[in-house]
Amino acid sequence: MTSVEIREIILDILEGIAPDDDLSNLNDEQPFREQLELDSMDFLDIVMELRKRYRIQIPEEDYPQLASMQSTVEYLEPRMKDLQKV
Amino acid sequence: MIASLPNSQRVVITGIGLTSPNGNSLCEFREGLLEGRSGVRDYEIRYVGKTLAGVCTFDDLKYQKRKEVRRGTRAGSVGIYCAREAIEASGLDWANVDPAQVGVYVGVTEHGNVETENEIYEIKGYDYDTKYWSHHHNPRTVANNPAGEISLNLGITGPHYTLGAACAAGNVGLIQGAQMLRLGECEVALAGGVSESIHTFGIFASFRSQGALAEHQDPTKASRPFDRARNGIVVAEGGCICVLETYERAAARGTKIYGELVGYSINSDATDFVLPNPQRQAECVRLALRRAGIAPEQADIVSTHATGTSSGDIQECQALAEVFQGSPRTRFNNTKSYIGHAMGAAGTLELCGNLPAFEDGLCHPTLNVDELDPECQLPGLVTDGPRALDKVTYIVNNSFGMLGINSVVIVKRV
């Protein structure tokens, strides 16, 4: 899976978690929580959705890597490179 | 005796918000009851398949964001809708109400079954690996959830909790609200009941296994308390929340008063898990009448609990026949025949559906009584269209539940 595809997946997950937010102007370098109404439970939804969709297990100590779109894609790229987008 | 309390201890209803399968406001609901409009329809739920239910159509995005609906529970959304509508109807200047002086008391028959079933269904797709169990499960299933969602939505910082009281819960929520007002625990009580029960297959399956789930080719005919051909309960969702205040406070702000809670009672059968006990039910009604300071013959309308089961309806009729044997003018009706059994919301919905009778003088009938069961032959049972009454002053509302919990609320015209 490419970094572009991973970004699309994260966007899709965010649309489900934050359906009232406009994601069209999301700044990839800026932390999600500075741009969206996300709390810790929402953040866990990102982790859970990745687990459910792609069986990716993200250890708790790695959660800070998912702070922004850019850091999330960078973190996931090596872990998802052999997966197909579903 | 409640009826002789000072104004600072008298409790009145100043706002009503509701969603029922045949109406999303008191006005719509009342119209439905007077027009004989059923809210029961075909329904399908996992594992059980095709069945019938009372389904609500309120706009859950009227007072919640999509994210809040997703995060919370159906019972929470029902509660929020009803609470907001009740506050609107009460005319309270909400921005200037002290949120610490508001209490939320919500009756529930059950809570958490829907969310638990959903999670088990979800992890079935992951070979029941609990790593896939949602972190939302606990906040969704804690017993205070529906009341808590109301407090979160409205910024209420006074007490909030639910009252687990089986199908007596709607009355019990009101009673709790009244008691907390009298104790000075709050100045405004949001009290009533909610139900999300049509979203749990377990309740349908359990009633079916018990031989108590209604079936009928015409959904609108399925809920038929007191009729010889009744064959069980139609499960419904719904909610009804009342704004309760002391008479003193309500009169000071000159607001409309829907009625005064002048009598109530709760007791227990202590005899069986599911079978009712007419003797205890009669005792419960008598206790409420005594507290209201009225004789049975002063009751204008008795809103029955009857659910359409073979035994329950007869037991309640035995209790009522005994208490009201010298009350030829008392009329009896049943609201489940329109909307099914709204479980935790039933008591409050059925009471509030009758309250407009103080103004229009009409007792809505029981639907679907094509052939009255001789064992349900209450002399004052209204079945053929709305009955015009001279003047309605007292309405008695029965609400009973499993494990033998009985509750009665009496509301007086003000």
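For every chain, the first residue of the written sequence is number 1, and numbering continues from 1 along that sequence. By the order in which they are written, chains take letters starting at A while ligands take numbers starting at 1. For a predicted model such as this one, the threshold for reporting local features is a pLDDT of at least 70, and the threshold for listing and counting side-chain atom pairs is 80 or more; totals across whole chains, interfaces and linings nevertheless cover every residue.

All right, on to the overall build of chain A then. Helical segments are the DSSP runs of H or I of at least four residues, strand segments are the runs of E of at least two, and each set is numbered from the N terminus. Assigned secondary structure in chain A consists of four helices and zero strands. Ordered by position from N to C terminus, the α and β elements of chain A give α-α-α-α. Overall size of chain A, expressed as C-alpha extent along the three principal axes, is 30 × 25 × 20 Å. A total of 86 residues make up chain A; the buried ones form 19% of that total. Two residues qualify as a contact pair if the distance between their C-beta atoms, derived from the backbone, is within 7 Å. Intrachain contacts of chain A at a sequence separation of at least 6 include 63% that bridge at least 24 residues. In this scheme the burial state of a residue depends on its C-beta neighbours within 10 Å: 20 or more other such atoms mean buried, 12 or fewer mean exposed, and anything in between means partly exposed; the C-beta positions come from the backbone.

Further remarks concern the environment of R10(B). Mapped onto the fold, R10(B) is located in the segment before β1 (11-19). The contact partners of R10(B), leaving out residues within four places of it in the chain, are L5(B), T246(B), Y247(B) and E260(B).

Moving on: the interface of chain B and chain A. Every contact between the two is made by nine residues of chain B and, on the other side, eight residues of chain A. Residue polarity is assigned by list, with Asp, Glu, Lys and Arg as charged and Ala, Val, Leu, Ile, Met, Phe, Trp, Tyr, Cys and Pro as nonpolar; anything else, Gly included, falls into the polar class. In terms of residue class, the side of chain B that touches chain A is made up of one nonpolar, three polar and five charged.

Residue and element names in this part refer to chain B. One open sheet accounts for ten strands, arranged β5-β4-β6-β7-β1-β8-β14-β13-β9-β10; its pairing is mixed. Here the strands that pair on one side only, and so sit at the sheet edges, are β5 (160-164) and β10 (331-333). Averaged over all neighbouring strand pairs, the angle between strand axes comes to 25°, with direction disregarded. Two strands are said to pair when DSSP picks up at least two bridges between them. Here eight bridges tie strand β13 (residues 394-401) to strand β14 (residues 405-412), and the two strands are oriented antiparallel to one another. Bridge pairing in β14 links I395 to V411. Helix axes are fitted only over the stretch in contact, all axes being lines through C-alpha atoms; the angle between N-to-C directions runs from 0 to 180 degrees.

Here the focus is the confidence of the model for chain A. A residue's pLDDT is the confidence the predictor assigns to it, expressed on a 0 to 100 scale. Overall, the prediction assigns chain A a mean pLDDT of 96, with 100% of residues at 70 or greater. The weakest mean pLDDT in chain A belongs to helix α2 (residues 32-35) of chain A at 95; the strongest belongs to helix α4 (residues 69-80) of chain A at 98.

So, about the nonpolar core. Residue and element names in this part refer to chain B. Core analysis: the largest hydrophobic core is formed by 119 residues, its most contacted members being I16, A86, L190, C242 and I410. Among the elements that make up this core, the one with the highest residue count is helix α3 (residues 74-90) (nine residues). Domain limits in this description derive from either an automatic procedure or a database domain assignment. Taken domain by domain, the makeup of this core includes at least three residues from each of domain 1 (8-252) and domain 2 (262-412). As used throughout, a nonpolar core is a set of buried Ala, Val, Leu, Ile, Met, Phe, Trp, Tyr and Cys residues joined through C-beta atoms within 7 Å of each other.

All names here are of chain B. In this model, helix α7 (residues 169-182) (14 residues) spans 20 Å end to end at C-alpha, consistent with the 20 Å of a helix rising 1.5 Å per residue. Counting buried positions along α7 yields twelve of 14 residues, so the element is predominantly enclosed. When we look at burial in α7, the residues that qualify are A169, G170, N171, V172, G173, L174, I175, Q176, G177, A178, M180 and L181. At the C-terminal side of α7, G184 shows a positive phi close to 80°. One less than the residue count of a helix, multiplied by 1.5 Å, gives the span that helix is expected to have.

Let's shift gears to the confidence of the model for chain B. The pLDDT averaged across chain B works out to 98; a share of 99% of its residues lies at or above 70. Scored as a complex, the prediction yields pTM 0.97 and ipTM 0.95.

Right, let's talk about the pairing of strand β2 (residues 40-45) of chain B for a bit. Residues and elements named next belong to chain B. Note: β2 against strand β3 (residues 49-54), six bridges, orientation antiparallel. Within the sheet, the bridge partner assigned to V40 lies in β3 and is G54. Once β2 ends, the chain turns through three residues before running back antiparallel as β3, passing Y47 with a positive phi of about 70°.

All names here are of chain B. Here helix α1 (residues 26-35) has its buried residues at L26, F29, R30, G32 and L33. Projected down its long axis, α1 shows its buried positions confined to an angular sector of 160°, all on one face. Seen from the buried face of α1, the exposed residues on the opposite side, beyond 90 degrees, are C27 and E35. Where α1 is buried, its residues meet β1, α12 (336-339) and α13 (346-354). The arc in question is traced by the directions running from the helix axis to the C-beta atoms.

Within a regular beta strand, the side chains point alternately toward one face of the sheet and then the other, so they alternate between its two faces. Residues and elements named next belong to chain B. Among the eight residues that make up β13, eight are buried, leaving the element largely enclosed by the rest of the structure. Residues Y394, V396, N398 and F400 of β13 are buried on one face, and the alternating residues I395, N397, S399 and G401, pointing to the opposite face, are buried as well. Note: strand β9 (residues 301-303) against β13, three bridges, orientation parallel. Looking at β13, one finds that S303 is bridged to N397. Connecting the antiparallel pair β13 and β14 is a turn made up of three residues, with L403 showing a positive phi of about 70°.

Our next topic: the domain arrangement of chain B. Residue and element names in this part refer to chain B. Each assigned domain of chain B is listed here: domain 1 (8-252) and domain 2 (262-412). If you average the C-alpha positions of domain 1 and of domain 2, the two centres end up 21 Å apart. The partner domain 2 presents 50 residues to the 59 residues of domain 1 that form the contact. Listing elements by their share of the side of domain 1 that touches domain 2, those giving two or more residues are β1, α1, β3, β4 (102-108), α7, β6 (188-195) and β7 (238-246). Ranked by the residues each element gives to the side of domain 1 that touches domain 2, the list is headed by α7, at eight residues. Counted by class, the side of domain 1 that touches domain 2 contains 31 nonpolar, 20 polar and eight charged residues.

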